[in-house]
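# Secondary and tertiary structure notes
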Amino acid sequence: MFRVWRMAPWIRAPFLLLGRPGVAIALIAASFVATLPAAAAAPFLSSSANATLHSQIRQACPTSVGDLVTYDMHLYSPTDYQSPWGYLQSTSLADEFSTDQATEAQLADVARSGGGLAAPETAWYATNAKVAVGGAGAKVTSMTIPDFQDHVTTVAGPSGSGVWIPDGFASAYHLGVGDQLVYTSLWGPPTKLRVAAVYRDIRSDPNNPAFCALHTLIFGPFGAQLLNDAIPPVVLMDRQTFMSGVIPYHGKSTMMFALDDPTVPIERTAGVVDTIKSVNFAANASFNQCPDCVSTSSDLSAFAVRSQLARTGIKPTVFPITAAGVLVGLVVVAAAAIFWVLRRRRELTVLSAHGMGGFSLGIKGLLEALPALVTGAALAWVGAWWLVRTAGPDPEISRASIIDSLWSALAALGAAMIVVLIAAAIRCRTLTDERHVRRGVRLARWPWELLLIAAGIWAAVGFGSATVTRGALGGDGGIVVQVPARLLIVPLLVTVGCLTLLGRIVMFMLRSRRTRPAGDNGSTRRRSMVWFLGWRRVVREAAVVAVLAGSTALPIALATYGDTVTRSVQATVDGEAQLLVGTDVVVTLKQRVPIPAEFRDNATEVLRLTGVTLAGNGVNLYAVDPDEFSKVAFWNNHIDGGSLASVLAPLSKDHQPGTPYPAITSGNIPIGVQTPSWGFPTDTEYDVQFVKTLPAEQGGYKSLIVTPASLGTEINQAVPQLWIRGEPSKIMAALARLDLPAVSTANVDAVYPNTVFQPLTYTFEYLTALSILTGVVTVVGLLLYVEAQAPGHRRGYVMARRMGMRSGTHRRALLLELALPLLAGLGIGLAVALGLTYGFASGFDVDPTLPPNTLITLPAAVIAGISVAVGVVALIASAFAQVRVARANPSEVLRDTV
């Protein structure tokens, strides 16, 4: 046997395919389709993990995402009444500051030697420092930070040396450039410092990246703006001024280490974490006599854990998708192998006449196909890396995943080689004299597709619906949402099973029409030649047509379903975030201001009162203009079955004196007239009406929406807010340019990033991309079909032309022949996608406890694009087929050996 394989037909086999470019292209494309899903899985998982990591880094404070080291400066007072003045007499102030600078340099050296962290930015500050302005006293926070002048907006000045004070502080105490601040101390004489500039208060720009690491120091703890104690304003100065004149009250130093590379790959985070640990160890060692004098924090370790959880969470769904893509590709490889047999039929018949069996001929087929298979696999491996890098969640892909991708590609190549060998060997048995006795029942005649459908039903019942992957480190890294396996495995099994069963039924129906005699009414003669010729070819190749329609329907169904799920999940998550915040961006203000002209068409003023009690239930009260509020606040008709304007319609009615004011609430409050309690006497009464959900239900408190007129004099106690509708990033950029007295901002983009919901849509993006790429199956199938039918089409075309048929008629018949299965696949695929979408819609809402429920968003543009693509493919394929047959030489057509 092995001696036979060393003969010329086998030795020259790898080079014979060069003369058959059509077969070579088909085999390369088939190998590419089979290998690409296997090669793309590992890079995609790596890209998803890096995307999760880098998204968290982008959302975090850039000056502290690496490490934040805060320690007490060597000059500090335990209490205002215990003076260290005697200590200061024995040790100079300059020496103490020199010690702090030495500590700072030591930690910077440790970070630099470890690598991964940028040079630190260090802030020195003293909280609750007392200053005297005229006859009044105030508390301020003295701060020095590198290049602070470049990170604030100047209102007046600068002029000369001195301190920079915020505009609100300057206005309250009537200070200007050139005036003096007098720092007082129980320890020694006062220090006079000149005002060099007035800057716009940092608290009006809560997202200023230069001060984000000091957010709690500047803005106070959460809710501090509602307390009686005012948050001290920040007086900025250079380091020399701080060192020379300001004795620190509880002085602290904060070293802010940003990452050297914000796009650090996840496999390098371990080294950066080691550097962070070294810095923290050195910081603690410097204060070994006072362990409470230093504190450290870093988010990078938790970010890395969450990123690994994202990869773990999508594995159970990525692997089935990959397996399905590989199996579809192997089917195409088998079809290409059979096509090779058809194209080499004469040579294979001669070899079989000389005693070669099916297995030997299968080896010849494998040897001929091997260069094309290797080429397709190599292109798939490179293409997988390129596609994930350019269109994946993140361009960063680990080297380990590329190696894993190579092994997966080799495994898929090995499977393709086995499939070619088996398919060619089985098909070549029909050319040999081998006889096989068939025993038992032919399984192919049984509806085995029902097993796939049954497996899908079992998976729907038996697979878990958990949407959460938890980290082994508990709170360090938290949890991430994963797509329930059944949300993808069940549709895959059911879709493949149903499409295969439908294909079998269609094939049976077409074959029955082939054997059915024409009607007695002469209907066949009345048909156009285009329909007659095209339909007869479809009926004659019933099996091929059914496979072609199924191979068109499957990627269309999965791609449309995947894109619909991605859009619907994102729309649902965005809707929940918008309903939680109230709208896209909410700005809390110090005092009421006119709506800026830039937001006049998409903003409204809202007056908010917290701590309101109504019938024993705590609610958040929002006083709004109902007409403007219904235009700006987020709402969806799925929430309550109607528009927000209709929900708030009672508030728009004219109020009659002496009657209760209308109010809408989502709280557990009895309907009817109620008197609110908000910490001070009131005679206001509300006629309460209940709805299930309202915007801005936060912190477990339901909403109560009223009109501003109902507040009366209590309106001065309300916190003004500006609700703005639009693109959050553009709104935040515009707010940074405006001089608004902002206390805080909330936007929908900050609700779910870096939380459990972030990696959710990666899986469906992968499914969509892979399904679109698997659509190459349709093109390859058409190529195989056109090439396989070319000899018969040529003979029929020559004979038909001699009988007077025009070339245009034959071209339209070819278009009908090829368009019917493609259009049928398009319709079936879209129908299956819609059925899957609405059948599994409840699983798209990963947080069913929050309204609204699933917001299904159909990808109209994708559906239109797929439809156009199918039409274009049908036109190109029919034109190519016509070109192939039009070149036939009538004198040689009956001796065609192609």
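Keep in mind it's a predicted model, so treat the numbers as computed, not measured. (Residues numbered from 1 in each chain as written. Predicted model: local features only at pLDDT ≥ 70, side-chain atom pairs only at ≥ 80, totals over all residues. Heavy atoms only, no water.)

### Some words on the side chain of Arg608
Note that Arg608 resides in strand β14 (residues 603–614). For the buried residue Arg608, which engages in no salt bridge, the nearest side chain bearing the opposite charge is Glu697, 12 Å off. At 3.4 Å, the side chain of Arg608 and the side chain of Tyr622 are in polar contact. Beyond its immediate sequence surroundings of up to four residues, Arg608 is in contact with Asn620, Leu621, Tyr622, Gln698, Ala718, Val719 and Gln721. (Helix = DSSP H or I, 4+ residues; strand = E, 2+ residues; numbered from the N terminus. Buried < 20%, exposed > 50% of the residue type's maximum accessible area, 1.4 Å probe, protein only. Lys, Arg positive; Asp, Glu negative; His and termini not counted. Salt bridge = Lys/Arg side-chain N within 4 Å of Asp/Glu carboxyl O. Polar contact = N/O pair within 3.5 Å; in protein donor to acceptor, adjacent residues only side chain to side chain. Contact = heavy atoms within 4.5 Å.)

### Re helix α26 (residues 807–839)
Here α26 contains 33 residues, and its C-alpha end-to-end distance of 48 Å stays within 8% of the 48 Å for a straight helix at 1.5 Å per residue. For α26, the principal kink sits at Ala819 and spans about 35 degrees; a proline, Pro821, occurs within the next four residues. (Expected span 1.5 Å × (residues − 1). Bend = angle between axes of the 7 residues up to and from the residue.)

### Here's the deal with the pattern of salt bridges
Note on pairing: side chains with opposite charge can pair once their charged atoms come close. Summed over the entire model, instances satisfying the criterion amount to eight salt bridges. With a shortest N-O distance of 3.4 Å, Arg239 and Glu104 are connected by a salt bridge. You can see Arg239 sitting in helix α9 (residues 239–245) and its partner Glu104 sitting in helix α6 (residues 93–114), a full 135 residues away along the chain. Classification of Glu104 by relative accessible area gives buried; the value is 16%.

### So, the pairing of strand β15 (residues 617–623)
Counted residue by residue, β15 has five buried out of seven residues, so it is predominantly covered. Two elements, β14 and β15, share six bridges in a ladder whose sense is antiparallel. Of the residues in β15, the one forming a bridge with Thr613 is Gly618. In this structure, the hairpin formed by β14 and β15 is closed by a connection of two residues, where Ala615 is found at a positive phi of approximately 55 degrees. Of the pairings in the sheet, the one linking β15 to strand β20 (residues 702–706) comprises five bridges and is parallel in character. From the neighbouring strand, Val619 faces β20, where its bridge partner is Lys702. (Pairing = 2+ DSSP bridges.)

### Focus: the state of the cysteines
As enumerated under the stated definition, the model contains one disulfide in all. Disulfide pairing places Cys61 opposite Cys212 at an S-S distance of 1.8 Å. Disulfide Cys61-Cys212: torsion about the S-S bond near 70 degrees, hence right-handed. Linking Cys61 in the loop between α4 (21–59) and β1 (67–72) with Cys212 in the loop between β7 (191–199) and α8 (215–219), this pair joins segments that are 151 residues apart in sequence. An identical accessibility class is assigned to Cys61 and Cys212; each is buried. (Disulfide = S-S within 2.5 Å.)

### Focus: the confidence of the model for the protein chain
Per-residue confidence for the protein chain gives a mean pLDDT of 78, with 80% of residues at or over 70. Segment residues 222–228: pLDDT under 50, and seven contacts once partners within four positions in sequence are set aside and those in other chains are kept. (pLDDT = per-residue confidence, 0-100.)

### Structural notes on the packing of helix α10 (residues 269–286) against helix α11 (residues 300–343)
When two helices pack together, you describe them by how their axes are tilted relative to each other and by the distance separating the axes. Between α10 and α11, whose axes approach to 10 Å, the crossing angle comes to 155 degrees. With respect to α11, the element α10 is oriented roughly antiparallel. For the pair α10 and α11, the crossing hand works out as left-handed. Judged by residue contacts, Thr269, Val272, Val273 and Ile276 of α10 engage Leu300, Ser301 and Ala304 from α11. In terms of residue class, the contact of α10 with α11 is made up of five nonpolar, two polar and no charged. (Axes fitted to C-alpha atoms, helices over the stretch in contact; angles between N-to-C directions. Parallel < 35°, antiparallel > 145°, perpendicular 65-115°, else oblique. Left-handed = near helix turned anticlockwise from the far one by under 90°. Nonpolar A, V, L, I, M, F, W, Y, C, P; charged D, E, K, R; others polar.)

### A few points about a nonpolar patch on the surface
A cluster of nonpolar side chains, Ile403, Trp407 and Leu410, forms an exposed patch at the surface whose accessible area comes to about 340 Å². With respect to the secondary-structure elements, Leu410 resides in helix α14 (residues 399–428). Relative accessible area serves as the criterion here: at 41%, Leu410 is assigned to the partly exposed category. (Patch = residues over 30% accessible without salt bridge, like charges linked within 9 Å, V, L, I, M, F, W, Y side chains within 5 Å. Areas by Shrake-Rupley, 256 points an atom, 1.4 Å probe, with all protein chains shown as cover.)

### Re the side chain of Gln674
Along the chain, Gln674 falls in strand β17 (residues 672–674). A polar side-chain atom of Gln674 sits 3.5 Å from the main-chain carbonyl oxygen of Pro670. Excluding residues within four positions of it along the chain, Gln674 makes contact with Leu614, Ala615, Ile669, Thr684, Glu685, Tyr686 and Val688.

### A look at the environment of Glu685
Tracing the chain through its elements places Glu685 in the loop between β18 (676–677) and β19 (686–690). Relative accessible area serves as the criterion here: at 37%, Glu685 is assigned to the partly exposed category. Those residues in contact with Glu685 that lie beyond four places of it in its chain are Pro660, Tyr661, Val673, Gln674 and Thr675.

### Describing the packing of aromatic side chains
Within the structure shown, the criterion is met by six aromatic pairs. Between Phe169 and Tyr173 the ring centres are 4.9 Å apart and the planes differ by 45 degrees, which places this aromatic pair in the tilted class. According to the relative accessible area criterion, Phe169 is buried, its value standing at 6%. For Tyr173, a relative accessible area of 27% translates into the label partly exposed. Judged by centre distance (5.9 Å) and plane angle (70 degrees), the ring pair of Tyr622 and Trp723 falls under edge-to-face. With Tyr622 in strand β15 and Trp723 in strand β21 (residues 719–724), this residue pair connects regions lying 101 residues apart in the sequence. In this structure an aromatic cluster arises from ring pairing among Tyr622, Phe629 and Trp723. Note that Arg239 overlies the ring of Trp124, its terminal NZ or CZ placed 3.8 Å from the centroid. (Phe/Tyr/Trp six-rings, centres within 6.5 Å; stacked < 30°, edge-to-face > 60°. Lys NZ or Arg CZ within 6 Å of the ring centre and 35° of its normal.)

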